[in-house]
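# A closer look at the structure
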Amino acid sequence: NTLEGGKSLSFLFFTKTKSGIALLYNKETSNTYDVHLKLTKEVLTIQKLDVVCTRGGDPQLNGVGLPILTITVRYLREVPSFLKLPLGSPVPPADQSSRVSSPLFDSGLHLNGNSSNTAPSSPSSPSANEPKYEKRWLDAVSLPLLMARVSKYKAGTDKLRSNSFEVCALDGTSINILQFCTAAESTDWLQAISTNISDLTLENMKMINRYCSPDDQIVHMGWVCGNPHPDDAAPSSTFKFLALRGPWLYIFRSPPVSATDWGQADTLYILYEVLFKVHKLWMAEDCWIQAKFYLGLQQDEELQDGEPFCFSILVGHGQSHTFSVEMTSDLAVWEKSFQRAVFMEVQRVGSKTYMCSSQSKVLCLTIDFGSGFTCSESSSKKILWRYKFSQLKGSSDDGKTRVKLLFKNAENKQIEMKELEFSNLTAVLHCIHSFIAAKVASVDPVFVNSQSISGKYMI
């Protein structure tokens, strides 16, 4: 969530402009060649090295009657003396002794402007109309960054690339694989591109939220990589687009662009009925880095030994979704955003009631943000017992339908056990966790202040 001046609630994001040289790996041809990268707020531009005619000859032709103004480097690979020239250098006239066999020369075209059946001009008296050529970086691909994604994952696998990553646009357009000489350079470019994508996503969220009701605000959204289940016969990663909006966790195959798209999510979950869990990360120096997420991340850790930064969404009936992100800061943003979204939804609904049974009686358990737990008969609505959240001292369940809740009696200080049976036990337990977490957060002044700031941004 963004404040004035480009600051987020938890981290500082600065839109980056950047340029530099990289290697571009073409997956179709398996070739790698130099490219020049230009990063702006909204676009990543890939430039390829080309040879251009700068002067001489017919402006519409290349000086020898052929409608070619740009000659790409791939036709000149067999002219090493030319390729060694710096950018902007004119190409020296070629004579008969300097001819080499190449597709360019075989076609009858020479860099000095003469055809193969025409005698070259004398070096002492060059023609005034002789074309001149220079090497220049020319735009090849401009990739919009709005809703784009970056990933180190190799397509169709759970393996990570080394010192390289892929950038894909919203429409699925890929610029293939960008490779860098060092891990530091790769991470720097990954952070720069990711920062600009995040900034554009935040701007898009802010625009959408202006026209949505307070209970339908987007808290966070972005790309993640869906990790395969360990038991899968052929594990492979698939990219998903997650969104925390209103009461729901959305899981999409591609980002929602229109209002209709929001109704076409692959999966929907009620926020307070699922549980967000960060996977602890074990680094090479044998120390946990989970606490680092809250220390104002200025630098991102590099992935160690191919281990991704992961979190899980635990849902009903023991099922879960595991996702990974590219950087520790992404992981921290998802965790804090999930906490904020659940807190807002719990405060909005106030209470939730579930049908249950005990000793063959049909009951209702109400979890209320203000009063705690209330159990009543389903038919008569007669209240059987009531406890505050602070009186819950423990619980145990059979992992299927039954749970035992241990409460401390406020008067005699004795522990009282209440055994209940639910058809959707996991959802109930997650709901209890969400309400208690929201209750605890509501008395934390730092957390409460952050929510008030969030409200100003979102509406």
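Description of the structure in this document. (Residues numbered from 1 in each chain as written. Predicted model: local features only at pLDDT ≥ 70, side-chain atom pairs only at ≥ 80, totals over all residues. Heavy atoms only, no water.)

When helices and strands are counted, the protein chain shows six helices and 22 strands. Burial status across the protein chain gives 43% buried among its 459 residues. The contacts of the protein chain with a sequence gap of at least 6 include a subset with a gap of at least 24, amounting to 54%. Surface accessibility of the protein chain: about 23,700 Å² in total, with carbon and sulfur atoms responsible for 52%. (Helix = DSSP H or I, 4+ residues; strand = E, 2+ residues; numbered from the N terminus. Buried < 20%, exposed > 50% of the residue type's maximum accessible area, 1.4 Å probe, protein only. Contact = heavy atoms within 4.5 Å. Areas by Shrake-Rupley, 256 points an atom, 1.4 Å probe, with all protein chains shown as cover.)

Positive phi outside glycine occurs at S360, with the angle close to 65°. Take S360: it is sitting in the loop between strand 16 (351–358) and strand 17 (361–368). Since its relative accessible area comes to 80%, S360 is described here as exposed. Even without a glycine there, the phi angle at K413 is positive, about 65°. Tracing the chain through its elements places K413 in the loop between strand 21 (402–408) and strand 22 (415–421).

Next up on the list: a nonpolar patch on the surface. The grouping of L406, I415 and M417 at the surface amounts to a nonpolar patch, some 260 Å² of accessible area in total. Along the polypeptide, L406 turns up in strand 21. (Patch = residues over 30% accessible without salt bridge, like charges linked within 9 Å, V, L, I, M, F, W, Y side chains within 5 Å. Salt bridge = Lys/Arg side-chain N within 4 Å of Asp/Glu carboxyl O.)

For Y133, the position within the fold is in strand 5 (residues 132–144). Its relative accessible area of 1% is what places Y133 among the buried residues.

On to the pairing of strand 18 (residues 372–377). With five of its six residues buried, strand 18 lies for the most part within the structure. Here strand 17 runs beside strand 18; their pairing, made up of six bridges, is antiparallel. Bridge pairing in strand 18 links C364 to S376. Linking two consecutive strands that pair antiparallel, namely strand 17 and strand 18, is a turn of three residues. Counting the residues in the hairpin turn of strand 18 and strand 19 (residues 383–387) gives five residues, including K381, whose phi is positive at 65°. (Pairing = 2+ DSSP bridges.)

A few words on the nonpolar core. The biggest cluster of nonpolar side chains holds 49 residues, and the ones touching the most others in it are F311, I313, F373 and F422. Excluding anything up to four places from it in sequence, I313 contacts L249, V274, L275, F276, Q319, S320, H321, F323 and F338. (Core = buried A, V, L, I, M, F, W, Y, C linked by side-chain atoms within 4.5 Å.)

Scanning the model with the defined rule gives 11 salt bridges in all. A salt bridge links D216 to R245; the shortest N-O distance between them is 3.1 Å. Here the residue D216 occupies a position in the loop between helix 3 (183–210) and strand 9 (218–226), and R245 occupies one in strand 10 (residues 238–245), the gap between them amounting to 29 residues. Owing to a relative accessible area of 8%, R245 belongs among the buried residues under this scheme.

Ring pairs (aromatic) are described by centroid distance and by the angle formed between their planes. Evaluated as defined, the whole model comprises 16 aromatic pairs. Ring geometry for Y250 against W262: centres 5.1 Å apart, planes inclined by 85°, an arrangement best described as edge-to-face. Here Y250, found in strand 11 (residues 248–252), pairs with W262, found in the loop between strand 11 and strand 12 (267–270); they are 12 residues apart in sequence, far enough to count as distant. In this structure Y250 comes out as buried when scored by relative accessible area, which is 9%. Taking 6.0 Å as the distance between ring centres and 80° as the angle between the ring planes, the aromatic pair formed by Y272 and F435 counts as edge-to-face. Within this pair, whereas Y272 is found in the loop between strand 12 and strand 13 (275–278), its partner F435 is found in helix 5 (residues 425–442), the two being separated by 163 residues in sequence. (Phe/Tyr/Trp six-rings, centres within 6.5 Å; stacked < 30°, edge-to-face > 60°.)

Looking now at helix 4 (residues 328–349). For helix 4, with 22 residues, the first-to-last C-alpha span of 32 Å sits near the 32 Å given by 1.5 Å per residue. One or two residues past the end of helix 4 sits G350, with phi positive at roughly 80°. (Expected span 1.5 Å × (residues − 1).)

Let us now look at the sheet that holds strand 15 (residues 320–325). Sheet architecture is open: seven strands sit in the order 12-11-10-9-15-14-13, paired in antiparallel fashion. The sheet is open, and its two borders are formed by strand 12 and strand 13, each paired with just one other strand. For this sheet, the mean inter-axis angle between neighbouring strands, taken without regard to orientation, is 30°. Pairing analysis gives two bridges linking strand 9 to strand 15, with the strands arranged antiparallel. Residue pairing for strand 15: G226 is matched across the bridge by F323. Against the sheet, helix 3 touches strand 9 and strand 10, its axis set at about 140° to strand 9. This element, helix 4, spans strand 9, strand 10, strand 13, strand 14 (309–314) and strand 15 of the sheet and lies at about 135° to strand 9. (Axes fitted to C-alpha atoms, helices over the stretch in contact; angles between N-to-C directions.)

As a further point, take the side chain of E326. Within the secondary structure, E326 sits in the loop between strand 15 and helix 4. No salt bridge is formed by the buried E326. Its closest oppositely charged neighbour is K152, at 5.6 Å. There is a polar contact of 3.5 Å between the side chain of E326 and the side chain of S151. Engagement of the side chain of E326 in a polar contact is seen with the backbone nitrogen of K152, the distance being 3.2 Å. (Lys, Arg positive; Asp, Glu negative; His and termini not counted. Polar contact = N/O pair within 3.5 Å; in protein donor to acceptor, adjacent residues only side chain to side chain.)

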